[in-house]
Amino acid sequence: MISFSSPELFRARWLQSDTNYLLGGGSNTLFLEDFDGQVFINEMRGIEHAESDTHHLLRVAGGENWHALVTYCLDKGWYGMENLALIPGSVGASPIQNIGAYGVEVGQFIASVELIDIQSGKATTLNNSECEFGYRDSVFKKALAGKTLITHVNFALPKTYSPVVSYGELAALDNPTAQQVYDTVIAVRKSKLPDPDELGNAGSFFKNPVVSVSHFERLKKAASTIPGFVVDNGVKIPAAWLIDQCGFKGKTEGGVRCHITQPLVLTNTGEAVGNDVVKLARSIMDTVRERYDIALEAEVRLVGRNGVINL
Ligand SMILES: Cc1cc2nc3c(=O)[nH]c(=O)nc-3n(C[C@H](O)[C@H](O)[C@H](O)COP(=O)(O)OP(=O)(O)OC[C@H]3O[C@@H](n4cnc5c(N)ncnc54)[C@H](O)[C@@H]3O)c2cc1C
């Protein structure tokens, strides 16, 4: 493992090998076997604050911890990101899949992302629209995948606080303070999601699939209770519902368990190795495809001996 605290140090070592993997907090990465190359750990730290008439402006180094940043902002009275409390990982990884929870996505608060092109060393700043944020998606998962080091993320938090309580358990809150939203999000997450420090898991294993409206209508005729949320490019269906309907919730195979309170999460009961996880994940994907004609896509990065592997 190679820790780095500056882009120059990172790049100098990275270019010494053809087989490299960059880690932030490692929470969205699953090593299936020993990696035959260099693994880099981002230790770039620092939070700078400025303000305009309307916003708190933060420039945060990619190696900072995400949840610690949310807590720091709350303590300072810079509100908005409370719904994203307790999401594991680093600030540098947060724009990559546009982390989201409880009706909020980080892209809403990102003014720009600073990065370097790993091969050329050229530094660039992408503004919000250039980041192409979408549901669990951004340019960093598409055209720029694997090509850049995100060095800093610039946030703009509105000075006027308007809580987002449209989603799930937060809907019960009446005009809450930011602290109340933060506390509720943490309590709900703790009650539903296993703590990776106690029970190995990488969060949601699959993305929620988006199907066409006609596909959704076909499914609805066969299964009237199927939930769906209209989005820009079709209808988003909770993958947890599909997995549950296919009988996987609570099921354990080869030491890998489909979590009982959130079937989107696969946990290691202690003995499982990478291929056990792949086996159960493939079995879930095959069953969902056969039954609903939907191809689930892994949200977690799977890394084999030589690099990233697609399921
Ligand atoms: C229990 C649990 C709950 C979770 N809940 C949520 C949730 O509610 N919402 C949600 O959206 N996600 C959730 N996740 C997923 C995870 O928290 C996010 O994907 C997070 O952004 C991963 O950060 P990381 O630093 O740990 O990423 P890592 O696993 O270290 O890296 C992920 C990818 O980003 C790349 N990367 C990391 N840092 C950089 C950088 N500075 N520059 C360029 N590339 C980089 C890596 O190479 C890798 O490809 C959850 C995960 C767990 C384990």
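It should be noted that the structure appears before, not after, this text.
Reference entry: report on the structure contained in this document. Just so we're clear, the structure is a prediction, and the values are computed from it rather than from any experiment. (Residues numbered from 1 in each chain as written. Predicted model: local features only at pLDDT ≥ 70, side-chain atom pairs only at ≥ 80, totals over all residues. Heavy atoms only, no water.)

Things to note about the site of the ligand
Threshold: Whether a residue is near a molecule or strand depends on its heavy atoms: it is near if one of them lies within 4 Å of it. Under the rule applied, a polar contact is a pair of N or O atoms within 3.5 Å (in protein, one hydrogen donor and one hydrogen acceptor; residues adjacent in sequence only if both atoms are side-chain atoms). Using the Shrake-Rupley algorithm and a 1.4 Å probe, accessible areas are obtained, with residue cover drawn only from the displayed protein chains. Helix and strand definitions here come from DSSP, where helices need a minimum of 4 consecutive H or I residues and strands a minimum of 2 consecutive E residues; each element is numbered from the N-terminal end. Throughout, the ten residues Ala, Val, Leu, Ile, Met, Phe, Trp, Tyr, Cys and Pro are labelled nonpolar, Asp, Glu, Lys and Arg are labelled charged, and all others, Gly among them, are labelled polar. In this document the domain limits rely on a domain assignment from an automatic tool or a database.
Around the ligand, a shell composed of 32 residues is seen, among which Leu22, Gly25, Ser27, Pro88 and Ser90 lie nearest. Here a nitrogen atom of the ligand and a backbone polar atom of Ile150 are 2.8 Å apart. Side-chain polar atom of Arg301 to an oxygen atom of the ligand: 3.4 Å apart, as the coordinates give it. Alone, the ligand offers 990 Å² of accessible surface; in the complex the protein occludes 93% of this. Among the secondary structure elements, those contributing two or more residues to the shell around the ligand are strand S2 (20-23), strand S7 (100-101), strand S11 (148-158) and strand S12 (201-204). For the shell around the ligand, the class distribution of residues is 14 nonpolar, 15 polar and three charged. If you count residues domain by domain, the shell around the ligand takes at least three from each of domain 1 (47-192) and domain 2 (201-309).

Here's the deal with the pairing of S11
How we decide: Throughout, exposure labels follow a simple rule: accessible area from a 1.4 Å probe, protein chains only, divided by the maximum for the residue type, with under 20% read as buried, over 50% as exposed, and the rest as partly exposed. In short, DSSP must find at least two bridges between two strands for them to pair.
Within S11, ten of the eleven residues are buried, which leaves the element mostly enclosed by the surrounding structure. The pairing of strand S9 (residues 110-117) with S11 spans seven bridges and is classified as antiparallel. By the bridge assignment for S11, Val113 is matched with Val153.

Description of the sheet that holds strand S1 (residues 2-4)
Under the convention used in this document: Working convention: axes come from line fits to C-alpha atoms, limited for helices to the stretch in contact. Angles between N-to-C directions cover 0 to 180 degrees. Residues count as neighbours in contact if any of their non-hydrogen atoms are within 4.5 Å of one another.
Taken together, the three strands give an open sheet; going across it, the order is S1-S4-S2, and neighbouring strands pair in parallel fashion. Strand pairing shows two members of the sheet lacking a second neighbour, S1 and S2, which therefore form its edges. Neighbour-to-neighbour, the strand axes of the sheet open up by a mean angle of 25°, direction not taken into account. The sheet contact formed by S2 and strand S4 (residues 38-42) spans four bridges and is parallel. Each residue of the ladder has a partner; that of Asn20, found in S4, is Gln38. Its contacts with the sheet place helix H1 (residues 7-14) against S1, S2 and S4, and it is angled at close to 175° to S4.

A closer look at the nonpolar core
Cut-off, in case you're wondering: The criterion is simple. A nonpolar core is a set of buried Ala, Val, Leu, Ile, Met, Phe, Trp, Tyr and Cys residues joined through side-chain atoms within 4.5 Å.
Formed by 37 residues in total, the largest nonpolar core has its most connected members in Trp66, Leu69, Met81, Phe140 and Phe155. Only strand S6 (55-61), helix H2 (66-76), S9, S11 and helix H3 (178-192) provide two or more residues apiece to this core. Per-element accounting of this core gives the leading share, six residues, to H3. Ignoring anything within four residues of it in the chain, the contact list for Met81 reads Trp66, Leu69, Val70, Cys73, Phe109, Phe155 and Leu157. Counting residues in hydrophobic clusters, the runner-up holds 35 residues, among them Leu280, Met285, Val288 and Leu302.

Concerning the pairing of strand S10 (residues 123-127)
Summarising the sheet, S9 and S10 pair through five bridges and their orientation is antiparallel. Its bridge partner lying in S10, Val113 is registered against Leu126. The antiparallel hairpin formed by S9 and S10 contains five residues in its connecting segment, where Gly121 sits at a positive phi of about 80°.

A look at the layout of surface pockets
Our working rule: Detection works on a 1 Å grid of protein atoms alone, calling trapped sets that fit a 1.4 Å probe cavities and calling open sets with protein on both sides within 12 Å along at least five of seven lines pockets, with lining residues defined by an atom within 4 Å of a point. Grid points are joined across faces, edges and corners, and a volume is the space filled by probe spheres set on the points.
The space that makes up the second largest pocket amounts to roughly 210 Å³. Together, Phe133, Gly134, Tyr135, Asp137, Lys142, Lys207, Asn208, Pro209, Val210, Asn233, Ala295 and Glu297 line the second largest pocket. Among the residues making up the lining of the second largest pocket, the classes are represented as five nonpolar, three polar and four charged. Here the lining of the second largest pocket gathers at least three residues from each of two domains, domain 1 (47-192) and domain 2 (201-309).

Focus: helix H6 (residues 274-292)
Let me state the cut-off plainly: An expected span of 1.5 Å times one less than the residue number is assigned to each helix.
Taking 1.5 Å of rise per residue, 19 residues should cover 27 Å, and H6 covers 27 Å from first to last C-alpha, within 8% of that figure. Looking only at H6, the buried set comprises Gly274, Val277, Val278, Leu280, Ala281, Ile284, Met285, Val288 and Tyr292. Residues of H6 that are buried in the fold lie against strand S3 (29-31), helix H4 (213-222), helix H5 (239-245), strand S16 (252-253), strand S17 (256-258) and strand S18 (265-268). Looking one or two residues past H6, Asp293 carries a phi angle of roughly 60°, positive in sign.

Examining the sheet that holds S9
Strands in a sheet are paired, the pairing made by backbone hydrogen bonds, and the direction either parallel or antiparallel. Strand order in the open sheet made by the five strands is S5-S6-S11-S9-S10, with antiparallel pairing throughout. Sheet topology places strand S5 (47-51) and S10 at the edges, where each strand pairs with a single neighbour. Geometrically, the sheet is characterised by an average inter-axis angle of 20° between neighbouring strands, direction not taken into account. Two elements, S6 and S11, share seven bridges in a ladder whose sense is antiparallel. Residue pairing in the sheet places Leu57 in a bridge with Ala156 of S11. Relative to S11, H2 is tilted by about 25°, and along the sheet it contacts S5, S6 and S11.

Observations regarding the state of the cysteines
Note the following rule: Only a pair of cysteine sulfur atoms within 2.5 Å qualifies as a disulfide here.
Considering all chains together, one arrives at zero disulfides under this definition. This cysteine, Cys246, is not joined by any disulfide, and Cys258 carries the nearest cysteine sulfur, 10 Å off. On the accessibility criterion, Cys246 (14% relative accessible area) is buried.

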